[in-house]
2 protein chains.
Amino acid sequence: MRKPEDGRRRVVIESVKPEIDCGRFPVKRVVGDTVVVEADLFGDGHDHVSASLLFRRERDRNWQSLPMTAIGNDRWRGNFTVPEQGRYYYTVAGQVDHFGTWRADLAKRIVAGQDVTVDLKNGSLLIAAAAQLAKTRDRARLLEWARLLVEENAGADAKTLALDEGLAGLVARYQDKKLQSRHDKELVVTVDRERARFSAWYEFFPRSASPEAGVHGTFKDCEARLPYVVQMGFDVLYFPPIHPIGHAFRKGKNNAVSAEPDDVGSPWAIGSAEGGHTSIHPQLGTLADFRSLRDKAALLGLEIALDIAFQCAPDHPWVTKHPAWFKKRADGTIQYAENPPKKYQDIYPLDFESDEWDDLWDGLRDVFLYWAGEGIKIFRVDNPHTKAFPFWEWVIPEVKRRYPDVLFLAEAFTRPRVMQRLAKLGFTQSYTYFTWRNTKQELTEYFIELTTDDVKEYFGPNLWPNTPDILPELLQTGGKAAFEYRLVLAATLGASYGIYGAAFELGESAPFKPGGEEYLHSEKYELKHWDLAAPTSLSGLIAQINRIRRDNLALHSNVGLVFHATDNDSLICYSKSTEDGASIVLVIVNLDTVNVQSGWVSLNLTALHQAPDKTFTVEDLLTGATYSWQGPTNYVELSPEKMPAHIFRLTAATLDEASVDDGK
Amino acid sequence: MRKPEDGRRRVVIESVKPEIDCGRFPVKRVVGDTVVVEADLFGDGHDHVSASLLFRRERDRNWQSLPMTAIGNDRWRGNFTVPEQGRYYYTVAGQVDHFGTWRADLAKRIVAGQDVTVDLKNGSLLIAAAAQLAKTRDRARLLEWARLLVEENAGADAKTLALDEGLAGLVARYQDKKLQSRHDKELVVTVDRERARFSAWYEFFPRSASPEAGVHGTFKDCEARLPYVVQMGFDVLYFPPIHPIGHAFRKGKNNAVSAEPDDVGSPWAIGSAEGGHTSIHPQLGTLADFRSLRDKAALLGLEIALDIAFQCAPDHPWVTKHPAWFKKRADGTIQYAENPPKKYQDIYPLDFESDEWDDLWDGLRDVFLYWAGEGIKIFRVDNPHTKAFPFWEWVIPEVKRRYPDVLFLAEAFTRPRVMQRLAKLGFTQSYTYFTWRNTKQELTEYFIELTTDDVKEYFGPNLWPNTPDILPELLQTGGKAAFEYRLVLAATLGASYGIYGAAFELGESAPFKPGGEEYLHSEKYELKHWDLAAPTSLSGLIAQINRIRRDNLALHSNVGLVFHATDNDSLICYSKSTEDGASIVLVIVNLDTVNVQSGWVSLNLTALHQAPDKTFTVEDLLTGATYSWQGPTNYVELSPEKMPAHIFRLTAATLDEASVDDGK
């Protein structure tokens, strides 16, 4: 057995958190966040140890060091903030604190009335050693201190001086780090702009934006639609693919196998003689039109997100230009998409086992780079789980290296491990199972899962009550109350959420067939003409809720979420709050779309920053009503007819020391 | 960003278990054990994947491969056995299973009545590719198969042939592994002989073995004591240090600061002019006497364990020969042990920050090697947590490299993280908190902690109701019932346990001072003369319990432990069983040393391999009484006067398939 380089490094560092998959993957933060780091750290024997949190920006060579604090059971905690977009590194270091050990022992010896002459000499040597590492002025102070401790006849003065707090701090600053232990990994935080976490998305089909029914909409029409979206308070406007649509095997209305001559086709069947993934569907307009729309949106505070779907219609230019990117069948034809026995002959998947995979990866990367070059910094990626995982691990940092503010949303409604893997590989946000989580128990379990443990460190949930592919059963049957409360849940459980409009705000609820989740007359296959001014539209409520989201910092984050007990399974109650208690929001939702439900909530007052003995006011931000509550148990009643949810704002009580200690 | 070497490796491998601290530390097994390995494993898209468990002995170059089975939610499981002492490596591999995907899809197409002409051609190509990797005979079979699938007018025959089970297995054997993914770590199992896990220890002081009171015992006297120990059924005989004892600052009886001239001193104050850690205390005898004792013990099936305490009396030869191994105080004297304000001037600790640490490590290793050379293969290490951790990580494999059958027991009664670290570093067994865990809740929580998660993979508990340092309060006050039931708990909760005798079997219960845990007239500082033939001795019960341990395989392991509910907090109930149900032991203990306690136990029948509707017999191995029980709820009553425990043996019912599915 080989000995270690220096066997005198006596401090052990274990169980560093956060650390995803042994440090293989970064954790995620947004600008201004804090990274709390914990580790088990201890030495042999009774010597004191000291722990340091080391961190640096990627471009810096030198580590910054902050002391960590012991929190019990050999666990230590520290934190650092990440003020800039980009990558930071962090790790943990520790060492035996000889001076701290000496000082603590000395205090005990003095209390026991022991002769400490030799101990003072020992300490003097430790202080003199620290002096050697200090700069001029501190060195002089330390040397003087070392001298005074061993001065003849110093007596009681030397003892007092030996335990001087300020001088101890000075020694700590000049610890010899020769025998410091380092955690064996340098861990990474990727820091994005705030929109990575806090965003409200509105999806619409540009081709349905025409003011005239039956006419193909254009980017110009979209410009006219911008104020409508802005007034509802969204900040991301997401378009399904805007590229030329294939003609070969084009699908007709309601996913009919054969299209009629005037059928517009699915925007996800990408590519034709008119171009592929970096082209614009001619009927939508020109690149100049697209740029104009992008700029007008930006002026209104609205950022455009594009849908990147890496698949090709049979007439996509790549099919002839890069035949090796596609899989061949034994008869020499190209393999179309299928999920046997279903066949999707209008779609050719890309072959990630192609001999030209290297070239394929470059080609796909160039799609992102092209649109990023056109100022698009948010990509909603279609079915990323059907593309090879190593590709995502490479392409996301590759794009961010050139465009650090690019964000990626993974549209992978699939198994948990697969969704988590994509998030680890770099996807900023992910669609979630929220779409199908309806009951109190389902919602509670799922959101506890998303906001605890490692998952919260890398998985950025984006909550959608509906999508063009998914009209959940609850929205088919639940009427207006279902749309209202699913909106409240999405917008308050998730720091990021989105809706597929206008289907959502207009309450579109007819399925293609009973028991299915496809929309009848799905916009995926035909132009739609929406009556946005309909009096039943939820646009007013949406605007109100998005305003509440902006105004209340607690709703900008996924953590700080606490569920509170209710005595009625139709009532779900949860709160979000910032750590300092500056923003506290309490949400109560009636999950019954038919009946008035009432009951008692049992609030976790500590989580709400309230004192048990003081009255506090809850202000319903939806209705303006205020209630005066005291203690954990309070009565609520919610009517699906009127408004199936409360969104209360609370103000933190000034807690006295005792109750803070007690409650935290 | 650099691309990976081959971006076409599409299978992801995550969360491999067991894997201790990202694979830094081995897991532990004994000869003949099975290692169950699990991993999350999945690919992109809908392709099937296949998973392999790879393993090899350290000396083998080639990996053996066994298929893993999907157990749901993308988790896979496999296992391998470790028939030999030494080190094994294991890891997980996976790849896309193109043939499996093709075969499953083909079956669906056939059911749907689709034309599969091209699909058969695709399959034929896959089979032909496998043939290229096959040996002569299999190759011929595969090529023939490939040909038949595409034969003109084969029709329905080709379809049947395509789905042939046997031929599918043949293709699976010749998968191209070019695009196989490997877990990024090779994990280690250390495999010890069975005694590493299953052992019953008896500790006694050789110097107290004289048949005559007041006379210093010898190894010859110990030989005469062997049958007594063997008859009680122990298999490890552990001696406190047998080295010369220091004279400087020797402690007197009851730890008095000054010794009387005839005081024998503490065996842990090691070394004098007569020698150090590789010498034998002259009053015990010669090396020849020691060898004779060792051989006689071995003939009786008793293995001697030595106590290795790395610390020195001031007159230890090392103090003058290796002054750099000790720390100096500022006045030039050597630093003695202390825990301020307490001073232990009879002990010099070794300085693991010595400039000569390299030399010190060699010196300490040589102590182990010396005694291993003398045939001692079990070391009980005194206070390993006060020696540098890196030393243990080096020395344990270093010793085992030359003497693979050496076992190490860590005597570290300290914080959980520290005890766990020592086990990770290589200690085979560890003392535990069992000594102080008394209530039903304490015992249940602690043993669930020790037998679940990662801890069970590396931490080998050894349970001691008493030690020369620790007379727990319960044994001071609880009388005979306390000794009896603590013995039952230790011997059945732990596959390894030990007692400090004769203090234990003779019920020694007087503390040095009330509230403390030191023995009055502790054997650590004086010769003792024990009346081993006392009629109150528990030696008969001990012999019976050790016989029960040997006869019942369930008690040879720490896993397979299940706690069963009782309606009385004074009654604890647990079972151990082998996985196949061949050995099932159910233990019920009355924790009240004064009162008869009775109540109802609610048995987990699945854990006991019993059917809910069938009568089963429980046979008390202590009393021979048998009871006929049915269903989970059964009545028990235990008297501290008679026997405070049941140790029941059960026979597994022949469970029908349905109840197995239901219960597991």
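Owing to the predicted nature of the structure, the values given are computational and were not obtained by experimental measurement. Once a new chain begins, its residue numbering starts again from 1 and follows that chain's sequence as written. Ligands are numbered from 1 and chains lettered from A, in the order in which they are written. The predicted origin of the model limits local features to residues at a pLDDT of at least 70 and limits the giving and counting of side-chain atom pairs to 80 or more, whereas totals for whole chains, interfaces and linings rest on all residues. Only hydrogens and water are set aside when side-chain values are computed; all heavy atoms of the structure are taken into account.

*Asks:* For this particular structure, what's the right way to read the side chain of R75 of chain B?
*Replies:* Residue and element names in this part refer to chain B. Its location among the elements puts R75 in strand β7 (residues 75-82). Within 3.5 Å is the distance limit for a polar contact, defined as a pair of N or O atoms, with the added protein rule that one can donate a hydrogen and the other accept it, and that residues adjacent in sequence qualify only through two side-chain atoms. Separated by 3.0 Å, the side chain of R75 and the backbone oxygen of S15 make a polar contact. Residue contacts for R75: discarding those within four places in its chain leaves E14, S15, K17, E38, A39, D40, T69 and A70. Put simply, DSSP marks the helices as runs of H or I at least four residues long and the strands as runs of E at least two long, and each gets a number from the N terminus on. Every residue pair with non-hydrogen atoms within 4.5 Å of one another is taken to be in contact.

*Asks:* Teacher, can you tell me more about the confidence of the model for chain A here?
*Replies:* Keep in mind that low pLDDT regions are not for reading the predicted coordinates in detail. Residues and elements named next belong to chain A. This prediction gives chain A a mean pLDDT of 96; 98% of its residues lie at or above 70. What pLDDT reports is the predictor's confidence in each residue, on a scale of 0 through 100. Across residues 656-664, confidence stays below pLDDT 50; counting only partners more than four residues off in sequence or on other chains, it has four contacts. As scored by the predictor, the complex reaches a pTM of 0.95 and an ipTM of 0.94.

*Asks:* Would you mind going over the state of the cysteines with me for this structure?
*Replies:* Simply put, the disulfide is a covalent bond whose two ends are the sulfur atoms of two cysteines. By convention in this document, the label disulfide applies to cysteine sulfur atom pairs within 2.5 Å. In this structure the tally under the stated criterion is one disulfide over all chains. Bridging C22 of chain A to C22 of chain B, the disulfide has an S-S length of 2.2 Å. Every disulfide takes its handedness from the sign of the S-S torsion; for C22 of chain A and C22 of chain B that torsion is -105°, giving left-handed. Remark: C22 of chain B occurs in the loop between β1 (12-17) and β2 (27-30) and C22 of chain A occurs in the loop between β1 (12-17) and β2 (27-30); the pair is interchain, linking two chains.

*Asks:* Help me out: how do you make sense of the relation of the copies chain A and chain B in this one?
*Replies:* Residues below a pLDDT of 70 in either copy are left out; the C-alpha atoms of the rest, at least 70 in both, set the least-squares superposition of the copies. If you rotate chain A by 180° and push it 0.0 Å along the axis, it lands on chain B with an RMSD of 0.1 Å. When the rotation and shift are considered jointly, the pair of chain copies conforms to a two-fold rotation axis. Residue C22 of chain A, judged by its C-alpha, is the member of chain A lying nearest the rotation axis, at 2.9 Å.

*Asks:* Teacher, can you tell me more about the interface of chain A and chain B here?
*Replies:* In many reports, interface size means the accessible area that the parts give up when they come together. The partner chain B presents 70 residues to the 70 residues of chain A that form the contact. Summing both partners gives a buried area of about 6,100 Å² for chain A against chain B, and 54% of it is carried by carbon and sulfur. Note on definitions: buried area is the accessible-area loss of two parts on being combined, 1.4 Å probe, summed for both. Summed over the three residues of chain A that lose the most area to chain B, namely M1, K3 and E353 of chain A, the buried surface amounts to 12% of that side. Each reported salt bridge corresponds to a side-chain nitrogen of Lys or Arg within 4 Å of a carboxyl oxygen of Asp or Glu. Our count for the contact surface shared by chain A and chain B stands at 18 salt bridges. Ionic pairing is found between R415 of chain B and D74 of chain A, a salt bridge with its closest N-O pair at 2.7 Å. Scanning the region where chain A abuts chain B turns up 30 residue pairs in polar contact (both at pLDDT 80 or more).

*Asks:* Even after reading the chapter, I still don't get the packing of helix α10 (residues 389-402) of chain A against helix α11 (residues 416-425) of chain A, so can you show me in this structure?
*Replies:* A packed helix pair is summarised by two numbers, namely the angle formed by the two axes and the spacing between the axes. Residues and elements named next belong to chain A. For helices, the fitted axis covers only the stretch in contact; all axes are lines through C-alpha atoms, and the angles between them, taken along N-to-C directions, range from 0 to 180 degrees. Following both chains from N to C, one finds α10 and α11 inclined at 25°, their axes separated by 9 Å at the closest point. Considering their axes alone, α10 and α11 lie roughly parallel with respect to each other. Across the interface between the two elements, F389, W392, E393 and I396 from α10 touch V418, R421, L422 and L425 from α11. Gly falls in the polar group here, along with every residue not listed as nonpolar (Ala, Val, Leu, Ile, Met, Phe, Trp, Tyr, Cys, Pro) or charged (Asp, Glu, Lys, Arg). Tallied by class, residues from the contact of α10 with α11 come to six nonpolar, no polar and two charged. An angle below 35 degrees is read as roughly parallel, one above 145 as roughly antiparallel, one from 65 to 115 as roughly perpendicular, and any other as oblique.

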